[in-house]
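Geometric and topological summary
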Number of protein chains: 2
Amino acid sequence: MRTRVTDMFGIELPIFAFSHCRDVVAAVSRAGGMGVLGALYFTPEELEMELKWIDDHVDGKPYGVDVVMPASYEGADFPAEELVGRLQSMIPEGHRAFVENLLGSYGVPPLSADAEAGKVLLGWTDATARPQVEVALRHPIALLANALGPPPADVVELAHSHGVKVAALASTPRHARKQVEVGVDVVVAQGTEAGGHTGEITTMVLIPQVVDAVDVPVLAAGGIGDGRQMAAGMALGAEGVWTGSLWLTVEEADTPEMARQRILEATSRDTVRSRSWTGKPARLLRNEWTDAWESQESPGTLPMPLQFMLVSDALRRIGRSGASELATFPAGQVIGLTNQVRSTRDVMYSLMEQYSEALERLERITGD
Amino acid sequence: MRTRVTDMFGIELPIFAFSHCRDVVAAVSRAGGMGVLGALYFTPEELEMELKWIDDHVDGKPYGVDVVMPASYEGADFPAEELVGRLQSMIPEGHRAFVENLLGSYGVPPLSADAEAGKVLLGWTDATARPQVEVALRHPIALLANALGPPPADVVELAHSHGVKVAALASTPRHARKQVEVGVDVVVAQGTEAGGHTGEITTMVLIPQVVDAVDVPVLAAGGIGDGRQMAAGMALGAEGVWTGSLWLTVEEADTPEMARQRILEATSRDTVRSRSWTGKPARLLRNEWTDAWESQESPGTLPMPLQFMLVSDALRRIGRSGASELATFPAGQVIGLTNQVRSTRDVMYSLMEQYSEALERLERITGD
């Protein structure tokens, strides 16, 4: 296959795989696609270790890093050293009480004293994401991707000065145009069905509009789980696909077993677009946690990054307690199609096989 | 083009066009597709006139009729002659007051005494839809389609005994299987981006799952507005496409001028899935009307068919008053792609031209 994207990165297949798991990233790149590591959950020191590992396991193939530099969030003008403290003080007591009551009603115990706590901000802000960018650019990455709006112009310049291409996620044609204005090389047009932060327009409706709005190559994201969906994304005008939820259940993924089981069993109706994770709308596995934030008793969610600061320890406690009714995480509607654990290599192979079959079928229909 | 659907109906192009306007229905069928008239708003006598007109203008080409026989609604067990009265008495005064206040705050006058009022139930029930079916089957229709669940088994049998194929709209794979169990010949798998009554799963995610779930041919619905989207729908495994919002703005459509302008100007973010029209979730143009039903003051919506009975006169008053802030109607996200008025013939031609271009592009990408 050959598109501007395969040429740009020297890859065989225009399949981009977003994952927080280094094993998946390396396996996808080795299989001819482009693995992209989500840096969000890592401190700069941890990220350094992950990227070192990928460098050692990717056989010289290109890979990317994804950071989150939201265009807008609370505390953007606070000095870095006061950021966490000042943000913490902005969280109302009523919200903390709501979370405690919710966990209490499901018997979720507090964290033990020795448990890792307080990793409450992550890379959700410019201040915390920039050190991640600096770490990433010390490695031979081929792509720096940014979620939640256009990356700052100086970050785009910095990446370009390292010979690194920049991608950004867009959920409207207007977003896409803004991103290209600051120098983005590839637009990831992401439909509402995608897991994680997501807009309202579906992939089917969004992709052609973004393709028409910008001159740079577009990747189709949201709902891409098999080769038919890949073919559909390409038919819409994309030059490649961006996948995410698909990789949560592969053998190489370090997804907690409880979450993996939920995803294998879930249907496409078992996700919901909710602000209960970060304060911005994100598609999550629907459960008692997401329902509680929509209920009459809910105090409403807080703006980014306050909501995640409010709930991060709670989500960690839920994870440790095994209270699966409350354990939520980002997941796209495409989890309805993933029903078995397979190797990354096998998934890549199936994608291409189904893609070819879809094209052959289209040719038969027109009699070409 | 040739699929099981073109063979089944003897049509040239597997493009189905849902419209409440007879002119559009006839024009699509004459252009090689299949026009499908939405019967909902017509009394049996009116429907008879519409179908007679189509028979005289369709040049012997096949066309279809779409009715609404919801699988569940309030009053399903009321005797037909008491239906309207008993349903009316179930509408709370608080709901009536909310609607009156809303209209009052936008200066919408009451209907004049001579205005047509009281067409409050339409074909929303089995009792009101059956006479429509009887009228339809007296005409040389090729297809009877049903929205909102599987049609009653005896209606499927009746249609089949007239040599008429039956289609039904499905928004989950489970719905699709149920429909095939009662004898449906074609499943219209409709994604959440579609206008009117719609589910939660997007077209991209839904179609392959429905294709895998049933043996009958599947049409892709929701978000199909240009030939790239048609190609995508077919790549997902569909054997044809079902379109709707696309036809609201064509020359032949009798869409009120106010609505046509709103659609031409709207982006894909200007729709919302709302219960404020019929009590079941339907995608509508988002405006002050839909927002009001989501507001703090909203009494909540009523179940089908009570909600439409509550709001039908209000919507008629809004239409006559020209209060465009409140004028809502069913519309899919694809209205973001319709920016000019064109003839039905021209739209059909563009669909096929873009479809061919999309296929040629896919072939270039794989080097075939």
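In this convention, every chain numbers its residues from 1, walking through the sequence in written order. Both sets of labels track the order of writing: A upward for chains, 1 upward for ligands. Given that the model is predicted, a residue must reach a pLDDT of at least 70 before its local features are reported, and side-chain atom pairs must reach 80 or more before they are shown or counted; all residues, however, enter totals for whole chains, interfaces and linings. Hydrogens and water molecules were not included; the side-chain quantities draw on all heavy atoms of the structure.

Overview of the pairing of strand β5 (residues 165-170) of chain B
Residue and element names in this part refer to chain B. Buried means the residue's accessible area, taken with a 1.4 Å probe over protein chains only, is under 20% of the maximum for its type, while exposed means over 50%, and partly exposed covers the values in between. The way it works is that DSSP assigns letters per residue, a run of H or I at least four long becomes a helix, a run of E at least two long becomes a strand, and they are numbered from the N terminus. Counting buried positions over the 6 residues of β5 gives 5, a clear majority of the element. Two strands qualify as a pair provided that DSSP identifies no fewer than 2 bridges between them. As paired elements, strand β4 (residues 143-147) and β5 share 4 bridges and run parallel to each other. Its bridge partner being in β5, Ala-145 is matched across the sheet by Ala-167. Note: β5 against strand β6 (residues 186-190), 4 bridges, orientation parallel. From the neighbouring strand, Leu-169 faces β6, where its bridge partner is Val-188.

Some words on the sheet that holds strand β11 (residues 282-285) of chain A
Pairing within the open sheet is antiparallel, and its 3 strands lie in the order β7-β11-β10 (chain A). Of all strands in the sheet, those with a lone pairing partner are β7 (196-197) and β10 (271-274) of chain A, marking the two edges.

Looking at a negative patch on the surface
All names here are of chain A. Together, Glu-288, Asp-291, Glu-294 and Glu-325 make up a region of like negative charge exposed at the surface. Position of Glu-288 among the secondary structure elements: in helix α12 (residues 288-294). We classify Glu-288 as partly exposed; its relative accessible area is 35%. To count toward a patch, a residue needs a relative accessible area above 30% and no salt bridge. Like charges then connect within 9 Å, nonpolar side chains (Val, Leu, Ile, Met, Phe, Trp, Tyr) within 5 Å. Accessible surface is estimated by sampling points in the Shrake-Rupley manner with a 1.4 Å probe; for residues, cover comes only from the protein chains shown. Each reported salt bridge corresponds to a side-chain nitrogen of Lys or Arg within 4 Å of a carboxyl oxygen of Asp or Glu. Within this scheme the basic residues Lys and Arg register as positive and the acidic residues Asp and Glu register as negative, but His and the chain ends are omitted. Charge positions come from single atoms, namely NZ of Lys, CZ of Arg, CG of Asp or CD of Glu.

Notes on the pattern of salt bridges
Throughout the structure, instances matching the rule amount to 31 salt bridges over all chains. We note a salt bridge from Asp-154 of chain A to Arg-130 of chain A, for which the minimum N-O separation is 2.8 Å. Here Arg-130 of chain A lies in helix α6 (residues 126-137) and Asp-154 of chain A lies in helix α7 (residues 153-161), a separation of 24 residues in the sequence. A salt bridge links Arg-269 of chain B to Glu-200 of chain A, with the nearest nitrogen and oxygen atoms 3.3 Å apart. A residue pair is termed interchain when its members come from two chains, as with Arg-269 of chain B in the loop between α11 (257-265) and β10 (271-274) and Glu-200 of chain A in the loop between β7 and α9 (203-213).

Brief notes about helix α9 (residues 203-213) of chain B
In terms of burial, α9 of chain B is a largely internal element, 8 of the 11 residues being buried. Inspection of α9 of chain B places Thr-203, Met-204, Val-205, Leu-206, Ile-207, Pro-208, Gln-209 and Val-210 of chain B among the buried residues, and these make up the whole buried set.

Observations regarding the environment of Ser-89 of chain A
Residues and elements named next belong to chain A. Along the chain, Ser-89 turns up in the loop between α4 (83-88) and α5 (93-105). On the basis of relative accessibility, which here comes to 60%, the residue Ser-89 falls in the exposed class. There is a polar contact of 2.7 Å between the side chain of Ser-89 and the backbone oxygen of Arg-86. Throughout this description, a polar contact denotes any pair of N or O atoms lying within 3.5 Å of each other; where both atoms belong to protein, one of them has to be capable of donating a hydrogen while the other can accept it, and for residues adjacent in sequence the pair is counted only when both atoms sit in side chains.

Some thoughts on unusual backbone geometry
Residues and elements named next belong to chain A. Cis geometry is adopted by the peptide bond preceding Pro-305, which originates at Met-304 and carries an omega value of 0 degrees. Mapped onto the fold, Pro-305 is located in the loop between α12 and α13 (306-321). Phi is positive for Asp-59, which is not a glycine, with a value near 55 degrees. You can call Asp-59 exposed: its relative accessible area is 60%. Despite not being glycine, Leu-148 has its phi angle at roughly 60 degrees, a positive value. By the element assignment, Leu-148 lies in the loop between β4 (143-147) and α7. Residue Leu-148 is classed as buried on the basis of its relative accessible area, which comes to 19%.

So, the packing of aromatic side chains
Note on ring pairs: Phe, Tyr and Trp rings are taken, using the six-membered ring of Trp, and paired if centres are within 6.5 Å. Classes follow the plane angle, with under 30 degrees stacked, over 60 edge-to-face and the rest tilted. Under the counting rule described, the total for this entry stands at 10 aromatic pairs over all chains. Here Phe-9 of chain B and Phe-16 of chain B contribute two aromatic rings whose centre-to-centre distance is 5.8 Å and whose plane-to-plane angle is 75 degrees, an arrangement assigned as edge-to-face. Per residue, the accessibility class of Phe-9 of chain B equals that of Phe-16 of chain B, and both read buried. Members of the aromatic cluster, joined through ring pairs, are Phe-9, Phe-16, Phe-18 and Trp-242 of chain A. Any Lys NZ or Arg CZ that is within 6 Å of a ring centre and within 35 degrees of that ring's normal is treated as a charge sitting over the ring. For the cation-ring pair, Arg-86 of chain B lies above Phe-78 of chain B, with the distance from its terminal atom to the ring centre recorded as 4.0 Å.

Let's talk about the domain arrangement of chain A
Residues and elements named next belong to chain A. Taken as a whole, chain A is organised into domain 1 (1-73 + 124-253 + 350-368) and domain 2 (80-121 + 255-337). Each domain's extent was defined by an automatic or database domain assignment. Here domain 1 and domain 2 have C-alpha centroids that lie 25 Å from each other. Facing the 32 residues of domain 1 at the interface are 24 residues of domain 2. A simple way to read buried area is as the amount of 1.4 Å-probe accessible surface that goes missing from two parts once joined, with both sides added. The largest share of the area that domain 1 buries against domain 2 comes from Trp-124, Leu-248 and Thr-249, three residues that together contribute 26% of it. At the surface where domain 1 touches domain 2, the tally comes to 0 salt bridges. Contact definition: two residues touch when any of their heavy atoms are within 4.5 Å.

Considerations on the interface of chain A and chain B
Contacts between the two partners involve 47 residues from chain A and, on the opposite side, 47 residues from chain B. Buried surface at the junction of chain A and chain B, both sides included, amounts to about 3800 Å², of which 59% is carbon and sulfur. The largest per-residue losses of area from chain A upon contact with chain B belong to Met-204, Arg-228 and Ile-365 of chain A, which jointly make up 18% of the total buried on that side. Counting across the interface, chain A meets chain B through 6 salt bridges.

Side note on the sheet that holds strand β9 (residues 240-243) of chain B
Residues and elements named next belong to chain B. Pairing within the closed barrel is parallel, and its 8 strands lie in the order β1-β2-β3-β4-β5-β6-β8-β9. Recorded for the sheet is a direction-independent mean angle of 25 degrees between the axes of neighbouring strands. Under this scheme, a helix contributes an axis fitted over its contacting stretch, all axes are lines through C-alpha atoms, and angles between N-to-C directions fall in the 0 to 180 degree range. Packed onto the sheet, α9 meets β5, β6 and β8 (218-221) and runs at close to 175 degrees relative to β8.

Regarding the environment of Arg-283 of chain B
Residues and elements named next belong to chain B. Tracing the backbone shows Arg-283 in strand β11 (residues 282-285). As a C-alpha pair, Arg-283 and Gln-333 span 50 residues in sequence and 8.4 Å in three-dimensional space. From its side chain, Arg-283 meets the backbone oxygen of Thr-192 in a polar contact 2.7 Å long.

Brief notes about the relation of the copies chain A and chain B
Overlaid copies result from least-squares superposition on C-alpha atoms, with residues included only where pLDDT is at least 70 in both. Relative to chain B, chain A is turned by 180 degrees and slid 0.0 Å along the rotation axis, the superposed coordinates differing by an RMSD of 0.0 Å. Here the symmetry operator amounts to a two-fold rotation axis. Scanning chain A for the C-alpha nearest the rotation axis identifies Ala-232 of chain A, at a separation of 2.0 Å.

Brief notes about the nonpolar core
Counting residues in hydrophobic clusters, the biggest one holds 141 residues, and the most contacted among them are Leu-51, Trp-247 and Tyr-355 of chain A together with Leu-51, Val-187, Trp-247 and Tyr-355 of chain B. Beyond its immediate chain neighbours, meaning those up to four positions away, Tyr-355 of chain B contacts Leu-362, Ile-365 and Thr-366 of chain A together with Met-1, Gly-227, Met-230, Ala-231 and Met-234 of chain B. Here, nonpolar core refers to any group of buried Ala, Val, Leu, Ile, Met, Phe, Trp, Tyr and Cys residues whose side-chain atoms link them within 4.5 Å.

Quick look at helix α10 (residues 227-235) of chain A
All names here are of chain A. In terms of residue burial, α10 counts as a mostly covered element, since 9 of its 9 residues are buried. The complete set of buried residues in α10 reads Gly-227, Arg-228, Gln-229, Met-230, Ala-231, Ala-232, Gly-233, Met-234 and Ala-235. One side-chain oxygen at the N-terminal end of α10 lies 2.9 Å from the backbone nitrogen of Arg-228; it belongs to Asp-226. Once α10 ends, the next one or two residues include Gly-237, with phi positive near 115 degrees.

Some words on the packing of helix α3 (residues 44-57) of chain B against helix α6 (residues 126-137) of chain B
Residue and element names in this part refer to chain B. At a minimum axis separation of 9 Å, α3 and α6 run at an interaxial angle of 25 degrees. Between α3 and α6, the interaxial angle falls into the category roughly parallel. Taken as a pair, α3 and α6 cross one another with a handedness that is right-handed. Mapping the contact onto sequence places Pro-44, Leu-47, Glu-48 and Leu-51 in α3 and Pro-131, Gln-132, Val-135 and Ala-136 in α6. Polarity classes work like this: nonpolar for Ala, Val, Leu, Ile, Met, Phe, Trp, Tyr, Cys and Pro, charged for Asp, Glu, Lys and Arg, and polar for all others, with Gly in that last group. Of the residues that constitute the contact of α3 with α6, the class distribution is 6 nonpolar, 1 polar and 1 charged. In this scheme, roughly parallel covers angles under 35 degrees and roughly antiparallel covers those over 145, while 65 to 115 is roughly perpendicular and the rest are oblique. When the near helix sits turned anticlockwise from the far one by under a right angle, the crossing is termed left-handed; a clockwise turn instead gives a right-handed crossing.

Things to note about the pairing of β4 of chain B
Residues and elements named next belong to chain B. Across the 5 residues of β4, 5 count as buried, placing the element largely inside the fold. Where burial is concerned, the two faces of β4 agree: the one with Leu-143, Ala-145 and Ala-147 and the one with Leu-144 and Asn-146 are both buried. The definition of a right-handed crossover adopted here requires that, viewed with the strands pointing away, the path from the first strand over the helix to the second runs clockwise. In this view, the connection linking β4 to its parallel neighbour β5 by way of helix α7 (residues 153-161) has right-handed handedness.

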